[in-house]
Amino acid sequence: MEKYYHPIKFVEERCQGRMKCMRVCPTQAIRVKHGKAKLIEELCVDCGECMNVCPSGAIVPLTDPFARSMDFKHKVALPSPVLFSQFRPEVDPRKVVVALKRIGFDYVCDVSRACQEVTIALEEFLSTYRGRLPLISSFCPTVVRLIQVKYPDLTELVVPIDVPREIAARDFKQELCEKLGVDTQEIGVIYITTCPAKIVSIKQPAEKEKSWIDGAISLVDIFAPLFSAVSGVKDEDVTEEDVGGFTFDAGWSMLGEMTRLLGSERSIAVSGMSDVTKVLDDIESSKLRDIDFVELSSCLGGCIGGSLVVENMYVARNSLLKLLKRFRGSTSVNRDEVLDRYKKGYYFLERKLAPRPLRPLDHDVAKAIEKKKQKDAIYNSLPKIDCGCCGAPTCLSFAEDIVRGQASLDDCIYVGGVKRG
Amino acid sequence: MEDGVLFFQEFSIMGKDFSNAGSVSTEIKSILKEIGFDPVIVRRAAIAAYEAEMNVVMYADRGVVRLRVTPDKISIELEDEGQGIEDIELAMQEGYSTATPEMREMGFGAGMGLPNIKRNSDHFEITSQPGRGTKLNIVIKAR
């Protein structure tokens, strides 16, 4: 079986077995055995919910340390637009750009332009697409993985257009290579991320060989050094040389922005794992009939609600809206040029998104049915209170673990205990 | 249990119970997924089951769904008590619907329900006694 990279790590020494991660996991990918949380790798979709709830700090994101990002000869920061919303609204975002350079980056790559380009590419794709509907956005890596794992039949609905961060990195790298006359390997584009899932899309992309981004640092990790650097930037330090041509666009970082930019009336925007799951269930049963496009974000409120941010998402949203108002129209792209690149296939993903379906109970249908019946029988014998003491999140997942040979009925303190007694 | 049927489950549906509408087809879908059928087969069965379920919710008083699974086929039998269908041939036509304005407001009544079931099944039978009820037999081949 293929080894899946996950952007989080369970630190066993810190884990106190309090089971909060196990209960919150939307794909039931965590078991607590002998007092320690364990991840079932093939089930995990990298949403980061476990990390958010862990009271012991035992689940940590595997972002790149800031120091390692500095190993490249030419260091490019690629901040998520969310970064600019983490400061007080009166902080000039151009000072943040200057500060990024003061803490060690040589260049700051702006994602606004790529976002507008990709929006045009998407509009074009949607207007000429004649296949199965609704189409699903591809920018949230957790949503993409959730679909691969739990909704294999829906992979064909995920739009085959690349995301703005990748396009921005690709363009910037190519331009910089030409300008400096250096090899791509010497340039390191480092994404400042709001969630661990984007790290997977960089280290193990689902739809291409290799990401154009070279590393990811957590917004939380960079915030402290950046904050002090920003405080030190004076008005007169914001020079044309440093921030000339500064543009800002919130991109798709707030829920609903993508559908708004696309201007489609037959679209919906949904966030949060539980609602995302409900909508995917509806799409799978073909219940979503009057909708052509679905924007899905695993974090509540969109990327501004990511697990690696500093500011609460409602305040961040307010700040982003202010920034948008101030810099509206600062980005301009030539539509014809974009369409020309679109026709050449520039914005399309390298390969089709492949399903990553879960292991069936058995590969032989007859045996699978037999195991399904055993599982139902076991489940019906359990107290159905989902206490979690057996180490599985629900009685149902416990019954499945038993049938798969990964747990024993004795692990149940109710039923197992009675038998032993 | 009948020949070769390895899995059997019965579900009941209440007419006009819009808050639970769709739950039976969702359950059928998850059973078939769990057994490990091909995603395309699961989708066809789920769509057929959903349309059939919604017909009961909208037009009948109550109904029973019987799911039978063999390694080769999935059969969904549905029997309802209710107004029945006067003219089956007409009901099978795409676009024909007797949906009320309320049903249409909820997104139903495009007259695609029965044709959709037929399109997603390999074998489809419908019989009805007006004033008594309707019986559907849907079969989806699994390989």
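Only a predicted model underlies this, so the values are computations on that prediction, with no experimental measurement involved. (Residues numbered from 1 in each chain as written. Chains lettered and ligands numbered in written order. Predicted model: local features only at pLDDT ≥ 70, side-chain atom pairs only at ≥ 80, totals over all residues.)

Visitor: Account for the overall build of chain A, with residues named and values stated.
Guide: Helix and strand counts for chain A stand at 17 helices and 11 strands. The C-alpha atoms of chain A give 23 Å as radius of gyration, which agrees with the globular expectation for 421 residues (22 Å, within 12%). Expressed along its principal axes, the backbone C-alpha trace of chain A runs to roughly 80 × 50 × 40 Å. The proportion of buried residues among the 421 residues of chain A is 48%. Taking the contacts inside chain A whose residues are at least 6 apart along the sequence as the reference set, 76% of them involve residues at least 24 apart. (Helix = DSSP H or I, 4+ residues; strand = E, 2+ residues; numbered from the N terminus. Rg over C-alpha atoms; globule rule 2.2 N^0.38 Å. Buried ≥ 20, exposed ≤ 12 C-beta atoms within 10 Å, placed from the backbone. Contact = placed C-beta atoms within 7 Å.)

Visitor: Tell me what's going on with the domain arrangement of chain A, and back it up with residues and numbers.
Guide: Partitioning chain A into domains gives domain 1 (1-62), domain 2 (66-343) and domain 3 (363-421). The distance between the C-alpha centroids of domain 2 of chain A and domain 3 of chain A comes to 42 Å. (Domains from an automatic or database assignment.)

Visitor: Describe the pairing of strand β9 (residues 215-218) of chain A, with residues and values.
Guide: All names here are of chain A. The alternating pattern of β9 places G215 and I217 and A216 and S218 on opposite faces, both of which are buried. Here strand β8 (residues 187-193) runs beside β9; their pairing, made up of 4 bridges, is parallel. Bridge pairing in β9 places I190 opposite G215. As for the winding sense of the linkage, the β-α-β connection from β8 through helix α8 (residues 197-203) to β9 is right-handed. (Pairing = 2+ DSSP bridges. Right-handed = clockwise from strand over helix to strand, strands pointing away.)

Visitor: Which residues make up the interface of chain B and chain A, and what values go with them?
Guide: Each partner contributes residues to the interface: chain B has 19 residues there, and chain A has 18 residues. Those elements giving two or more residues to the side of chain B that touches chain A turn out to be α1 (23-35) and α2 (39-59) of chain B. For the side of chain B that touches chain A, the element with the most residues is α2(B), which contributes 7 residues. When its residues are assigned to classes, the side of chain B that touches chain A shows 11 nonpolar, 5 polar and 3 charged. (Nonpolar A, V, L, I, M, F, W, Y, C, P; charged D, E, K, R; others polar.)

Visitor: Residues and numbers for the environment of L296(A), please.
Guide: Take L296(A): it is sitting in strand β11 (residues 293-297). Each residue touching L296(A), except ones within four places of it in the same chain, is listed here: I136(A), S137(A), C140(A), V143(A), V270(A) and V276(A).

Visitor: I'd love a proper account of the nonpolar core, names of residues and values included.
Guide: Residues and elements named next belong to chain A. Core analysis: the largest hydrophobic core is formed by 105 residues, its most contacted members being L78 and V189. Per element, the largest residue contribution to this core is 6 residues, and it comes from helix α5 (residues 112-128). Lining this core are residues from two domains, each supplying at least three of them: domain 1 (1-62) and domain 2 (66-343). Here L78 is in contact with C109, V111, R165, A168, A169, V189, I190, Y191, I192 and I213, once residues within four sequence places are set aside. (Core = buried A, V, L, I, M, F, W, Y, C linked by C-beta atoms within 7 Å.)

Visitor: Any details on helix α9 (residues 219-232) of chain A? Residues and values, ideally.
Guide: Compared with an ideal rise of 1.5 Å per residue, which puts 14 residues at 20 Å, α9(A) spans 19 Å between its outermost C-alpha atoms and is within 8% of the ideal. The complete set of buried residues in α9(A) reads L219(A), I222(A), L226(A) and V230(A). (Expected span 1.5 Å × (residues − 1).)

Visitor: Quick one: what's the story with the sheet that holds strand β10 (residues 267-271) of chain A, residue by residue and with numbers?
Guide: All names here are of chain A. The sheet built from 3 strands is open, its strands ordered β7-β11-β10 with parallel pairing. Of all the strands in the sheet, just β7 (135-136) and β10 have a single pairing partner and so form its edges. Bridge count between β7 and β11: 2 bridges; the pairing is parallel. Counted as the bridge partner of L135 is F293 from β11.

Visitor: Residue-level account of the sheet that holds strand β2 (residues 60-69) of chain B, with values.
Guide: All names here are of chain B. One open sheet accounts for 5 strands, arranged β1-β2-β3-β5-β4; its pairing is antiparallel. The open sheet has two edge strands with one neighbour each: β1 (7-14) and β4 (123-129). Strand-to-strand twist of the sheet, defined as the mean angle between neighbouring strand axes without regard to direction, takes the value 10°. Pairing between β1 and β2: 8 bridges, direction antiparallel. Paired with F7 across the two strands is V69, which belongs to β2. (Axes fitted to C-alpha atoms, helices over the stretch in contact; angles between N-to-C directions.)

Visitor: Explain helix α13 (residues 313-327) of chain A to me, and be specific about the residues and the numbers.
Guide: All names here are of chain A. With 15 residues, α13 extends 20 Å from end C-alpha to end C-alpha; this agrees with the ideal 21 Å at 1.5 Å per step. Regarding α13, the residues found buried are M313, A316, R317, S319, L320 and L323. Axial view of α13: buried residues confined to an arc of 165°, hence all on one face. Opposite the packed face of α13, turned more than 90 degrees from it, sit the exposed residues Y314, K325 and R326. Against the buried residues of α13 lie α4 (93-102). Following α13 by one or two positions, G329 has its phi on the positive side, about 80°. (Arc of directions from axis to C-beta.)

Visitor: How would you summarise the packing of α1(B) against α2(B) if you had to cite specific residues and measurements?
Guide: Residues and elements named next belong to chain B. Two elements in contact, α1 and α2, have axes whose closest approach is 8 Å; the angle formed by their N-to-C orientations is 160°. The angle between the axes of α1 and α2 places the two elements in the roughly antiparallel class. The chirality of how α1 crosses α2 is right-handed. Residues V24, S25, I28, K29, L32 and K33 of α1 form the contact with α2, whose own contacting residues are V42, A45, A46, A49, Y50 and E53. Among the residues forming the contact of α1 with α2, the class breakdown is 8 nonpolar, 1 polar and 3 charged. (Parallel < 35°, antiparallel > 145°, perpendicular 65-115°, else oblique. Left-handed = near helix turned anticlockwise from the far one by under 90°.)

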